[in-house]
Amino acid sequence: MQRIATRTGALAMAPLPFDGSGATGDKNIMISTSCGLPKADHLVVLLIARDRSGKDVTEHRSDMEAFMVDFVPRVKKAMACSA
């Protein structure tokens, strides 16, 4: 999985299993995906999760990514996104 570092240290996420893109930082992750509703063309989900477990930063980022890849499709379904 190739990652691209941004100017702020966030890493662009590898291709998602759904339409969208995202970036992961040490304490946050953001995913933008299409929704297709008249009042919500796109859905942007931001998670801020400070790690207090003492885990390695790489492991914390991986945990956040796994959560969001599962969570975002559920939000799209709950919102009845058409895209």
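This text gives an overview of the structure that appears in the document. (Residues numbered from 1 in each chain as written. Predicted model: local features only at pLDDT ≥ 70, side-chain atom pairs only at ≥ 80, totals over all residues. Heavy atoms only, no water.)

### Description of the overall build of the chain
For the chain, the helix and strand inventory stands at 1 helix and 5 strands. On the principal axes, the C-alpha backbone points of the chain span a range of 40 × 25 × 20 Å. Burial statistics for the chain: of 83 residues in total, 30% are counted as buried. By sequence separation, contacts in the chain at least 24 residues apart represent 39% of the contacts at least 6 residues apart. Working note: accessible area of the chain is about 5600 Å², and carbon and sulfur atoms make up 56% of it. Distance from the positive charge centre (11 side chains) to the negative charge centre (9 side chains) of the chain: 6 Å. (Helix = DSSP H or I, 4+ residues; strand = E, 2+ residues; numbered from the N terminus. Buried < 20%, exposed > 50% of the residue type's maximum accessible area, 1.4 Å probe, protein only. Contact = heavy atoms within 4.5 Å. Areas by Shrake-Rupley, 256 points an atom, 1.4 Å probe, with all protein chains shown as cover. Lys, Arg positive; Asp, Glu negative; His and termini not counted. Charge placed at Lys NZ, Arg CZ, Asp CG, Glu CD.)

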